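Analysis of the macromolecular model
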Amino acid sequence: ILNVEQSPQSLHVQEGDSTNFTCSFPSSNFYALHWYRWETAKSPEALFVMTLNGDEKKKGRISATLNTKEGYSYLYIKGSQPEDSATYLCALYPGSSNTGKLIFGQGTTLQVKP
Amino acid sequence: DAGVTQSPTHLIKTRGQQVTLRCSPKSGHDTVSWYQQALGQGPQFIFQYYEEEERQRGNFPDRFSGHQFPNYSSELNVNALWLGDSALYLCASSLAGMEETQYFGPGTRLLVL
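This text gives an overview of the structure that appears in the document. (Residues numbered from 1 in each chain as written. Chains lettered and ligands numbered in written order. Predicted model: local features only at pLDDT ≥ 70, side-chain atom pairs only at ≥ 80, totals over all residues. Heavy atoms only, no water.)

A look at the sheet that holds strand 7 (residues 64–68) of chain B
Residues and elements named next belong to chain B. Judged by pairing direction, the sheet is antiparallel, and its 4 strands sit side by side in the order 1-3-8-7 without closing on themselves. Looking at the sheet topology across the chains shown, the edges are occupied by strand 1 (5–7) and strand 7. Neighbour-to-neighbour, the strand axes of the sheet open up by a mean angle of 20°, direction not taken into account. Here strand 3 (residues 19–24) pairs with strand 8 (residues 74–78) via 5 bridges, running antiparallel. Residue leucine 21 lies in a different strand from strand 8, and its bridge partner there is leucine 76. (Pairing = 2+ DSSP bridges. Helix = DSSP H or I, 4+ residues; strand = E, 2+ residues; numbered from the N terminus. Axes fitted to C-alpha atoms, helices over the stretch in contact; angles between N-to-C directions.)

Thoughts on the nonpolar core
Note that soluble globular proteins tend to have their nonpolar side chains buried in a common cluster. Counting residues in each nonpolar core, the largest one holds 23 residues, and the members touching the most others are Leu33, Trp35, Leu75, Tyr88 and Leu110 of chain A. Listed in part, the 20 residues of the second largest apolar core include Val32, Trp34, Ile46 and Leu76 of chain B. (Core = buried A, V, L, I, M, F, W, Y, C linked by side-chain atoms within 4.5 Å. Buried < 20%, exposed > 50% of the residue type's maximum accessible area, 1.4 Å probe, protein only.)

Comments concerning the side chain of arginine 37 of chain A
Residue and element names in this part refer to chain A. With respect to the helices and strands, the residue arginine 37 is situated in strand 4 (residues 32–38). For arginine 37, a relative accessible area of 10% corresponds to the buried category. At a separation of 3.2 Å, a polar atom in the side chain of arginine 37 contacts the side chain of glutamate 39. Within polar-contact distance, the side chain of arginine 37 engages the backbone oxygen of glutamate 83 at 2.6 Å. Not counting the four nearest positions on each side in its chain, arginine 37 is found in contact with Ser43, Pro44, Glu45, Leu47, Glu83, Asp84, Ala86, Thr87 and Tyr88. (Polar contact = N/O pair within 3.5 Å; in protein donor to acceptor, adjacent residues only side chain to side chain. Contact = heavy atoms within 4.5 Å.)

Details of the interface of chain A and chain B
Facing the 18 residues of chain A at the interface are 20 residues of chain B. In this assembly, chain A packs against chain B so that about 1,500 Å² is buried in total across both faces, 59% of it on carbon and sulfur atoms. Taken together, chain A and chain B are joined by 0 salt bridges. Elements that contribute at least two residues to the side of chain A that touches chain B include exactly strand 4 and strand 9 (86–93) of chain A. For the side of chain A that touches chain B, the residue count by class is 8 nonpolar, 8 polar and 2 charged. (Buried area = accessible area lost by both parts, 1.4 Å probe. Salt bridge = Lys/Arg side-chain N within 4 Å of Asp/Glu carboxyl O. Nonpolar A, V, L, I, M, F, W, Y, C, P; charged D, E, K, R; others polar.)

Here's the deal with the sheet that holds strand 6 (residues 56–59) of chain A
Residue and element names in this part refer to chain A. Read from one edge of the open sheet, 5 strands run 1-3-8-7-6, paired in antiparallel fashion. This sheet does not close on itself; its edge strands, each paired only once, are strand 1 (5–7) and strand 6. On average, each strand axis in the sheet is inclined to that of its neighbour by 15°, with strand direction left out of account. Note: strand 6 against strand 7 (residues 62–67), 4 bridges, orientation antiparallel.

Here it is, written out as structure tokens:
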């Protein structure tokens, strides 16, 4: 059974702080890794999809890295703003015989205080 | 371009009842997946529909069934509801052959009393 773990479970930071979260997964079963941002009462929004070891993606103040050999991905937020408050989900797409199935971690909930 | 839509947004049922949730995929998408998110957990894959057939299924009992219509919209049916079925049900759509890229709806919140 593939297991995707995220840490921490929740995080409270002050506006302007930089922060990062971790997503861990079995390195042997991997096709793609996704990061989603999920604001309350809205749809999960895709942030990044990464497939290659060493991939780095950036969107504004948010960036992500991927290490498939050791089975982890980091999401960084530089200079957090209140509008960054959301739950951040990572999801593994194993591919192969598991076509279509995303395996999610439990999420990291970020609260940014003004 | 309409994204993924789901209805209803909220629903309250009692134990033993049956429920039907609906999903319309993003324009141009032909594949629909359903996920259940229980409190404090990440979304769990229920099943995926393509060409009106269930193509892949997660670890959910037969009480959970679905359907896909010729216009690619989909329904999730749950029979004999348990209290433990209370959750947020998310629908995601994708294109066949690009299932790793899924677009999500806002979900239906189901409460079973």
